[in-house]
Amino acid sequence: MHSGEALTSVKNQYARHMIPYVIGFLVSLGLAFYNIVAAITLFMGTLIFFIYQQVTMRRERKNWEQYVLSLSHQIEEVGKEALTTMPIGILVFDQDRRISWYNEQSRLIFELDMAIGIPLDALHSAFDELIEEEEDEATIEVGDRVYRVYYNQIHQTLYLFDMTEEAEMEQKYVQTQTVIGILYLDNYDEMSTAVDEQVRSEVNRRVTVLLNQWAQRHHIYMRRTAADRFFLVMNERTLSELENNRFSILDEVRDATKEQRIPLTLSIGIGCGETTLTELGNLSQSSLDLGLGRGGDQAVVKRHNGKVRFFGGKTNPTEKRTRVRARVISNSMRDLIRESSRVLVMGHKNPDMDSLGASIGVMKLAEFVGREAYVVIPSGETSVGIQRLVHEVENDDSLYSQFLTEYEAQPLIDEQTLLVVVDTHRPSLVISKDILDRSEQVVVIDHHRRGEEFIEDPVLVYMEPYASSTSELVTELIEYQAGSRKLSILEATSLLAGIMVDTKGFTLRTGSRTFDAASFLRIQGADTVLVQHFMRQDLDAYIEQSQILRNTEIYADGMAIAVAPDDEAHHQVLIAQSADQLLNMEGVKASFVIAVLPDGRTGISARSLGDVNVQVIMEMLDGGGHLTNAATQLEVSREQANVMLKEAIDHYVTDETEGEELE
């Protein structure tokens, strides 16, 4: 009610009290014409009652004013007491963010003797951040207590409420949430077929004992659901313990079976977060698939909010794939190609020899099945080696006619078109995102360890992180389809070049299957001299590489970091070659080269000899690759990239597993 309305109400109420007296006075005046004595008596009586009421109302008003006055004084005293003694911290500060007043509770919270005039950030660094961002509230920790801070911008006041008990209850609630996991013995079948029954039984017993002891030690419910699979149920408190010791069971099982010809390794998929049990089960299976796609021997923890953490994966994966799987994939590819109208093959941006060689191999595979196929190449600038290969292709009219830019390839896409993506599984890295989005049937062939980002709903996935290169995988697929048909010399040479580049001339990530694939390509006519021509470095590139390596710093323990001296653009292949060259230096365990790419981003190429897992370091910077060969691209300057890289290296060095990752 407004003040005007309240005044009107009071006036109306007073008028209603006066009505009886007005009537009495009027009646006495009218009665005076007939009986003067009665009129005087009525008038005097009315007057006496009127005076009595006025005196009474004045006395009541005075008593009310005294009550209000005493109540106001009491409220003021209570307010003063609340400011000084109630368990709420109050800090008042001035325009310079210096404390101008604080109550007793604040003194106890921050253990103050005299705080008038000191800066707010001297009490807690979060106060400045709260004020600068103009947030209404925040949560801080002071000692072993937790406080909720409310900020009154108008009066420049901070109120601190002790929320320790509530925080402890919330922590207990979080720690008791259900977590579901799946534990898988990566190479149980291979081990079973490679050793005799007595050794197999002993290894199985030893691993089972280790797993049971591990489960009992951490209060995990574990049930074996298959010879190579276990079902796990735990809570968040147990999961925190496992993360703190970096899932040491991975190392325990590997060490216990390392004497065998095929040592056993584990993969663990964990699903957690505030969600349903069904979703937790799906998360755990998805985590396991992700871990296996990255080569196994690691634990993957995936939360409902999408956050993923990796533990383990610090060892170089051994060759576990079988020719049976390669034959099955080859037959599946044949069926998919037959059912399609045409085949488009696409690699990653800034293609290398492996990407283009594998693309040519898939195109040839489609020809063997009887379908037209085209390779999508980028319309921009490519590396010198790729330019040399494309130049050789230009001399072959029939082959060159099957090379299209992304704009030329788009009109060929229809419902029956099959798109084959090679040497990458990340949608953000393909040559044309538009072609990928428009294609309804997509096949992924890749040798990189799987990351969280993945092409959506592919009809077939052939990912083997144990393979040296995608060209090696494609060569094996061709072997099962070629029959009496042959590759041309240039086609075989392209595939061999892809293998040789990714293995650094058969020195890294090379297994027996790699040499089998190379032998098949040599039989098909692959020209090693032509491969050397593709890989040859010109003088300008060598000088450019030398200028980059002049600014090399040895950081941490054998980590060599070279930063390009200026903002001149350098091609990704040259950066990778510089990292390879730097790795040849004495005492260098891992090399990192930072330079600006032609598209304006800053690229980092990383290499190692196997002692350092550069893949994990690059994944911390949203990149990826292999244990000895990885890279990333960042939307920051060279200087910022250098700082971020050193932070990632520091995190890696302090991590016992040499492989924890946050995504």
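Residues numbered from 1 in each chain as written. Predicted model: local features only at pLDDT ≥ 70, side-chain atom pairs only at ≥ 80, totals over all residues. Heavy atoms only, no water.

A. A look at the pattern of salt bridges. This structure, assessed with the given rule, holds 25 salt bridges. The partner of Asp-162 in a salt bridge is Arg-145, with the nearest N and O atoms 2.9 Å apart. Of the two residues, Asp-162 is situated in strand 5 (residues 157–162) and Arg-145 in strand 4 (residues 145–152); the sequence distance between them amounts to 17 residues. Of the charged contacts, one joins Glu-453 and Arg-426 as a salt bridge, the two residues approaching to 3.1 Å between their closest N and O atoms. Of this pair, Glu-453 sits in the loop between strand 16 (441–446) and strand 17 (460–463) while Arg-426 sits in the loop between strand 15 (417–422) and helix 16 (433–438), placing them 27 residues apart in sequence. On the basis of relative accessible area, Glu-453 is assigned to the partly exposed category, the value being 29%. The structure contains a network of salt bridges with shared partners spanning Arg-97, Asp-128 and Glu-132. (Salt bridge = Lys/Arg side-chain N within 4 Å of Asp/Glu carboxyl O. Helix = DSSP H or I, 4+ residues; strand = E, 2+ residues; numbered from the N terminus. Buried < 20%, exposed > 50% of the residue type's maximum accessible area, 1.4 Å probe, protein only.)

B. Up close: the packing of helix 17 (residues 470–482) against helix 18 (residues 489–502). The interhelical angle for the contact between helix 17 and helix 18, taken along N-to-C directions, is 140°, at an axis separation of 8 Å. As summarised for this structure, helix 17 and helix 18 are arranged oblique, according to the angle between their axes. Across from Ser-471, Glu-472, Val-474, Thr-475 and Ile-478 in helix 17, the residues of helix 18 making contact are Leu-495, Gly-498 and Ile-499. Looking at the contact of helix 17 with helix 18, its residues break down into four nonpolar, three polar and one charged. (Axes fitted to C-alpha atoms, helices over the stretch in contact; angles between N-to-C directions. Parallel < 35°, antiparallel > 145°, perpendicular 65-115°, else oblique. Contact = heavy atoms within 4.5 Å. Nonpolar A, V, L, I, M, F, W, Y, C, P; charged D, E, K, R; others polar.)

C. Local environment of the nonpolar core. Core analysis: the biggest nonpolar cluster contains 55 residues, and Met-333, Leu-356, Val-420, Ile-445, Ile-478 and Leu-521 have the highest contact counts within it. The greatest single-element share of this core, amounting to ten residues, is contributed by helix 12 (residues 353–369). If near-sequence neighbours (up to four positions away) are discounted, Met-333 is found in contact with Leu-365, Val-420, Val-443, Ile-445, Leu-460 and Leu-477. The next biggest cluster of nonpolar side chains, apart from the first, holds 32 residues, and it includes Trp-214, Met-234, Leu-264 and Cys-272. (Core = buried A, V, L, I, M, F, W, Y, C linked by side-chain atoms within 4.5 Å.)

D. Quick peek at empty space enclosed by the protein. Scanning the model with the defined rule gives two cavities of 30 Å³ or more in all. Its boundaries defined by the atoms lining it, the second largest cavity holds a volume of some 30 Å³. Looking at the second largest cavity, the residues that line it are Glu-243, Val-301, Arg-303, Lys-307, Val-308 and Arg-309. Mapped onto the lining of the second largest cavity, the elements with two or more residues apiece are strand 10 (298–303) and strand 11 (308–312). (1 Å grid on protein atoms, 1.4 Å probe; cavity = no way out; pocket = protein on both sides within 12 Å on 5 of 7 lines; lining within 4 Å. Points joined across faces, edges and corners; volume = space filled by probe spheres on them.)

E. Inspection of the sheet that holds strand 14 (residues 403–405) at higher detail. Taken together, the six strands give an open sheet; going across it, the order is 14-13-12-15-16-17, and neighbouring strands pair in parallel fashion. Here the strands that pair on one side only, and so sit at the sheet edges, are strand 14 and strand 17. Direction aside, neighbouring strands of the sheet carry axes that sit 25° apart on average. With five bridges joining them, strand 15 and strand 16 adopt parallel strand pairing. When the bridges of strand 16 are listed, Val-420 appears paired with Val-443. Contacts from helix 12 reach strand 12 (342–346), strand 13 (373–377), strand 14, strand 15 and strand 16 within the one sheet, and its direction differs from that of strand 13 by about 165°. (Pairing = 2+ DSSP bridges.)

F. Structural context of the sheet that holds strand 20 (residues 590–596). If you walk across this open sheet you meet the six strands as 18-19-20-21-23-22, and the pairing is mixed. Of all strands in the sheet, those bounded by a partner on one side alone are strand 18 (552–555) and strand 22 (624–625). The pairing of strand 21 (residues 602–608) with strand 23 (residues 629–634) spans six bridges and is antiparallel. Within strand 23, the position partnered with Thr-602 by the bridge is Leu-634.

G. Seen up close, unusual backbone geometry. Notably, His-219 is not glycine yet its phi reads approximately 60°, a positive angle. One can find His-219 in the loop between helix 7 (197–217) and strand 7 (221–226). Judged by relative accessible area, which is 67%, His-219 ranks as exposed. Despite not being glycine, Phe-247 shows a phi value in the positive range, around 50°. Counting through the fold element by element, Phe-247 comes out in the loop between helix 8 (236–244) and helix 9 (249–256).

H. Layout of the environment of Leu-232. Relative to the helices and strands, Leu-232 resides in strand 8 (residues 229–235). Counting along the chain gives 52 residues from Leu-232 to Ser-284, while the straight-line C-alpha distance between them is 9.7 Å. Not counting residues up to four positions away in its chain, the partners in contact with Leu-232 are Val-179, Ile-180, Gly-181, Leu-183, Trp-214, Ile-220, Tyr-221, Met-222 and Ile-268.

I. Seen up close, the pairing of strand 3 (residues 137–142). Sheet topology note: the strand 3/strand 4 ladder contains six bridges and is antiparallel. Residue pairing for strand 4: Thr-139 is matched across the bridge by Arg-148. The antiparallel pairing of strand 3 with strand 4 creates a hairpin that spans two residues between the two strands, and Gly-143 there sits at a positive phi of about 65°.

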